[in-house]
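Spelled out from the first residue to the last, the chains are:
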Amino acid sequence: MIMERDKRIDVLRAWGIFLVIAGHSGSPFSGFIYTFHMPLFFFITGYLRYNGKVYSWRSFIAKKIKSVLVPYVIFWVVSMLIYNQIKCYMESHTLATIGMNELLGLLGGGHWLADYSNNFPLWYFQLYFIACICFEIVVRYFNKILQLIFLIVTAVVTIPFQNMVPGRPVFYINVLPAALTFMMIGYGFKYLIDKDLHLYDKIKGNYAIACVLIALGWKISTINYGDISNIVSYLYFFGATCTIMGTYIFANLFINNKLFQNVGKNTIYILGLHFPLLEVSVSMMVYFIANIGITNTFVQNLLVILIDLFLCCGLAELYKIIKGLVVAKLKKGTQQNKE
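These numbers were taken from a predicted model, which means no experiment stands behind them.

**Let's talk about the packing of aromatic side chains**
Under the criterion given, the structure shown has 30 aromatic pairs. Measuring from centroid to centroid gives 6.1 Å for Phe29 and Phe298, while their planes differ by 85°, and the two rings are edge-to-face. Pair noted here: Phe29 is in the loop between α1 (7-24) and α2 (30-33) and Phe298 is in helix α16 (residues 297-338), with a separation of 269 residues, a long-range link. Centroid distance Phe32 to Phe36: 5.1 Å. Interplanar angle 45°. Geometry classified as tilted.

Below you can see the structure in the form of structure tokens.
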């Protein structure tokens, strides 16, 4: 049986990636955004895993390598070409060399990826791969009681673990407990919805509750600020979850919006490409300012985000077209050889 695509999740992905770009582009709301935008993506993973298709371990690992690690390597190569080669040549008419620090960024992430590439957000792919394997073990082999205990334990150990492994360690591993916590929250939330179908009916149109939840999440973020790699209070989990729940309810308003659906389906490309393209987006925004006279800083920031999204989605669609043509040509060649 083919499962119908959950359009709410595409909307959430679209909002999530919009907020990622907003945070990286210096939005005045970055402080609030950083408290929940990455937890949202881990929540989505857990949500989709409940009642999802179960693969053999061999197929599961192969699928994650293909969908996570292969794109990671491709995005890293593209980033190095844009930042270390094209930009360097334009500035000094010489090509930059890719040394050991750059390769350590590819293999181990962490501070090498931050200091020697122009695409630090790629840390997500490395950590996400590790988190998915750990999460799959819990889902497959732990019963509901043990899963609940695991959720509590990962939340409790997050702050001590991040204090023990601060900064930007290898694989950004200090994010792992928090990532697993939000995966389990998403998984548990979907379990509750499937167990009581009336629960979704009760919350899906209750936008007053959604506003209260988001306001509560924002208020907690102003008192106990933190991001997923630097959590300073356990209230962080409550605040981020409140905001995620609020956005989940609001997503129902936009499930038929084609723009959000398209952005949501291209999230992986946008996540991998948006940071190297930010400079291009800012340059284009400056051009618009000079010719149109936009002076409001909020509008300027919004323009940068929209330009970046447009460029990333355009490249994603171009890649899909080229890939389709290549695959079709290979199939045609194989068929002709058989004949």
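**What to know about α1**
Between its first and last C-alpha, α1 extends 26 Å over 18 residues, near the 26 Å set by a 1.5 Å rise per residue. Of all 18 residues in α1, 14 are buried; the element is thus mostly enclosed. Remark: Gly26 follows α1 within two positions and exhibits a positive phi of approximately 85°.

**Focus: a nonpolar patch on the surface**
Together, Ile137, Tyr141, Phe142, Ile145, Leu146, Leu148, Ile149, Ile152, Val153, Val156, Val157 and Tyr234 line one region of the surface with nonpolar side chains, adding up to about 1100 Å² of accessible area. Secondary structure elements with two or more residues in the nonpolar patch: α7 (123-141) and α8 (144-164). When residues in the nonpolar patch are grouped by element, the largest group, 8 residues, is from α8. The residue Val157 is located in helix α8 in this model. You can call Val157 partly exposed: its relative accessible area is 35%.

**Examining the side chain of Ser229**
Mapped onto the elements of the fold, Ser229 is located in the loop between α11 (207-223) and α12 (235-251). Taking relative accessible area as the criterion, Ser229 reaches 15% and is therefore assigned buried. A polar side-chain atom of Ser229 sits 3.4 Å from a polar atom in the side chain of Tyr172. A polar side-chain atom of Ser229 sits 2.7 Å from a polar atom in the side chain of Asp227. With residues near it in sequence (within four places) discarded, Ser229 still touches Gln162, Tyr172, Asn174 and Val175.

**Looking at the packing of α11 against α12**
Running from N to C, α11 and α12 cross one another at 150°; their axes reach a closest spacing of 7 Å. Classed by the angle they form, the pair α11 and α12 counts as roughly antiparallel. The chirality of how α11 crosses α12 is left-handed. Residues Tyr207, Ile209, Ala210, Cys211, Leu213, Ile214, Leu216, Gly217, Trp218 and Ile220 of α11 pack against Leu235, Phe238, Gly239, Cys242, Thr243, Met245, Gly246, Thr247, Ile249 and Phe250 of α12.

**What to know about the pattern of salt bridges**
This structure, assessed with the given rule, holds 4 salt bridges. A salt bridge links Arg140 to Glu136; its shortest N-O distance comes to 2.6 Å. One end of the pair is Arg140 and the other is Glu136, both in helix α7 and 4 residues apart, which spans about a single turn. Assessed through its relative accessible area of 24%, Arg140 is described here as partly exposed. We classify Glu136 as buried; its relative accessible area is 3%.

**Description of helix α5 (residues 100-108)**
An α-helical turn contains 3.6 residues, so any two residues separated by three or four positions project in the same direction. Every buried residue belonging to α5 is among Glu102, Gly105, Leu106 and Gly108, and all of these are buried. Downstream of α5 by a residue or two, Gly109 has a phi angle that is positive, lying close to 65°.

**Some thoughts on the nonpolar core**
Ranked by internal contacts, the top residues of the largest apolar core, which has 89 residues, are Phe42, Trp123, Phe182 and Ile228. In contact with Trp123, other than residues within four places in its own chain, are Met38, Leu113, Tyr172, Val175 and Ile228.

**With respect to the environment of Thr35**
By secondary structure assignment, the location of Thr35 is in the loop between α2 and α3 (37-49). Residues Thr35 and Lys204, spaced 169 residues apart in sequence, show a C-alpha to C-alpha distance of 24 Å. Those residues in contact with Thr35 that sit more than four places away from it in its chain are Ser221, Tyr225, Gly226, Tyr236 and Ala240. Separated by 2.5 Å, the side chain of Thr35 and the backbone oxygen of Phe32 make a polar contact.

**Quick notes on unusual backbone geometry**
In this structure, Phe171 is a non-glycine residue whose phi angle is positive, near 60°. Within the element layout of this structure, Phe171 appears in the loop between α8 and α9 (176-195). For Phe171, a relative accessible area of 31% gives the class partly exposed. Positive phi values are uncommon outside glycine, yet Tyr172 reaches one of about 55°.

Cut-offs used in this document
Residues numbered from 1 in each chain as written. Predicted model: local features only at pLDDT ≥ 70, side-chain atom pairs only at ≥ 80, totals over all residues. Heavy atoms only, no water. Phe/Tyr/Trp six-rings, centres within 6.5 Å; stacked < 30°, edge-to-face > 60°. Helix = DSSP H or I, 4+ residues; strand = E, 2+ residues; numbered from the N terminus. Expected span 1.5 Å × (residues − 1). Buried < 20%, exposed > 50% of the residue type's maximum accessible area, 1.4 Å probe, protein only. Patch = residues over 30% accessible without salt bridge, like charges linked within 9 Å, V, L, I, M, F, W, Y side chains within 5 Å. Areas by Shrake-Rupley, 256 points an atom, 1.4 Å probe, with all protein chains shown as cover. Salt bridge = Lys/Arg side-chain N within 4 Å of Asp/Glu carboxyl O. Polar contact = N/O pair within 3.5 Å; in protein donor to acceptor, adjacent residues only side chain to side chain. Contact = heavy atoms within 4.5 Å. Axes fitted to C-alpha atoms, helices over the stretch in contact; angles between N-to-C directions. Parallel < 35°, antiparallel > 145°, perpendicular 65-115°, else oblique. Left-handed = near helix turned anticlockwise from the far one by under 90°. Core = buried A, V, L, I, M, F, W, Y, C linked by side-chain atoms within 4.5 Å.

Function cannot be inferred from these measures alone, as they are strictly geometric.
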